[in-house]
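Read off the chains here:
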Amino acid sequence: MADQTPRKRIRTRHFAQAKADGLKITALTSYDALTAQIFDEAGIDLLLVGDSAANVVLGYNSTLPITTDELITMARAVSGAVTRSFVIADLPFGSYERSADQALDTAVRFMKESGASGVKLEGGVRMEPQIRRITESGIPVCGHVGFTPQSEHNLGGHVVQGRGAAEEQLLADALAVERAGAFAVVIEMVPADVAERVSAALKIPTIGIGAGAGCDGQILVWTDAFGLSQGRTPKFVRKYANIAEMLRDAASQYAEDVRAGTYPAEAETYDNVVPE
């Protein structure tokens, strides 16, 4: 997303303007201060403190176990490290589904305790009351339709959404998110032509993940995109680096130096001379 003053903090109006101007929005996940600062300096527009932290940070088997307290801690670290990027945090499973009041209570906690600029929650038509209640209270909301990881058991696993007759429901979900006042919506794992149709139908920007190039922006889980995650990665991920290999090589070299007695060397050792 173009910016005449690169360090100017991004607001929701900038995302709306980007869609109007045909400028692509860049987004990544982040869960800590170190990566947040790096991504901020790299010019990433939006940082999501995603419930994907359940898998890539905490080692859970799905996103479902992560708690509000765990995500707030990570969101606080990310929010405190950036000067430009717009930071949003996922509302974790179980913290907003019951009612609009519950959703607002959780969103308020994130805004007060983490310093994030907004929140994200999953679901379309069924979540319209929750999104409306939060946005009417002055909190920016990003929606999430298509494949919604918190509903993976109900969806039958990691299955592409929006195919065939399900295309109309996907569009209805996205329109409900917009109608409720969200500033943007993530579209995950849907056919490219369907996502493009949804993007054209919405006034708010769409941010794709496994949804083709027709969305108004793109987001990836950073550990997938930069090669820290191990094992199989989704089809839509492009690996821009292999950080796991770099870390493994560096750790092996460190271990070798310690065992050989070459670390620490004299240059890395304090002497017993009192400074004048």
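Residues numbered from 1 in each chain as written. Predicted model: local features only at pLDDT ≥ 70, side-chain atom pairs only at ≥ 80, totals over all residues. Heavy atoms only, no water.

### Considering the nonpolar core
By size, the foremost hydrophobic cluster in this structure holds 56 residues, and its most contacted members are L47, V49, V119, L121, I131 and I134. Ranked by residues supplied to this core, first place goes to helix α4 (residues 68-81) with 6 residues. Beyond its immediate sequence surroundings of up to four residues, I131 is in contact with L121, G123, V141, V177, A180 and A182. If you look at the next biggest cluster of nonpolar residues, it comprises 17 residues, including I25, L46, A184 and I219. (Core = buried A, V, L, I, M, F, W, Y, C linked by side-chain atoms within 4.5 Å. Buried < 20%, exposed > 50% of the residue type's maximum accessible area, 1.4 Å probe, protein only. Helix = DSSP H or I, 4+ residues; strand = E, 2+ residues; numbered from the N terminus. Contact = heavy atoms within 4.5 Å.)

### Re the packing of helix α8 (residues 166-179) against helix α9 (residues 192-201)
Where α8 meets α9, the axes come as close as 10 Å, and the angle between the chain directions of the two elements is 35°. In this structure, α8 meets α9 at a crossing whose hand is right-handed. Contact with α8, carried on its side by E167, E168, L170, L171, A174 and L175, involves V194, R197, V198 and A201 of α9 and no other residues of that element. (Axes fitted to C-alpha atoms, helices over the stretch in contact; angles between N-to-C directions. Left-handed = near helix turned anticlockwise from the far one by under 90°.)

### Topic: the UniProt feature "active site" (unreviewed entry) in the chain
In the numbering used here, UniProt assigns the "active site" (unreviewed entry) feature to E188. Note that E188 resides in strand β6 (residues 184-188). (UniProt positions renumbered as here; feature names shortened; annotations may be inferred.)

### Observations concerning the environment of R11
Inspection of the secondary structure puts R11 in the segment before α1 (12-21). Between the C-alpha atom of R11 and that of S114, which follows or precedes it by 103 residues, the distance is 17 Å.

### Examining the state of the cysteines
If you walk through the whole model with that rule in mind, you get 0 disulfides. Looking at the unpaired C142, the closest cysteine sulfur is the one in C215, lying at 12 Å. On the accessibility criterion, C215 (1% relative accessible area) is buried. (Disulfide = S-S within 2.5 Å.)

### A closer look at the sheet that holds strand β3 (residues 86-90)
If you trace the 8 strands once around the closed barrel, you get β1-β2-β3-β4-β5-β6-β7-β8, paired in parallel fashion. If you compare each strand with its neighbour and ignore which way they point, the axes differ by 25° on average. In the sheet, strand β7 (residues 206-209) pairs with strand β8 (residues 217-220) via 2 bridges, with the strands oriented parallel. Across the sheet, the residue bridging to G208 is Q218, located in β8. (Pairing = 2+ DSSP bridges.)

### Comments concerning the UniProt feature "binding site: Mg(2+)" (unreviewed entry) in the chain
Using the residue numbers shown here, the UniProt feature "binding site: Mg(2+)" (unreviewed entry) corresponds to D51, D90 and E122. Spatially, the listed residues are clustered: although they cover 72 residues, their C-alpha atoms lie within 10.9 Å of one another. Within the secondary structure, D51 sits in the loop between β2 (46-49) and α3 (53-56). Setting aside its immediate chain neighbours within four residues, D51 contacts T63, I66, L71, D90, E122 and Q150. Looking at where D90 falls in the secondary structure, it is placed in strand β3. When residues no more than four places from it in sequence are discounted, the contact partners of D90 are L48, V49, G50, D51, L71, F110 and K120.

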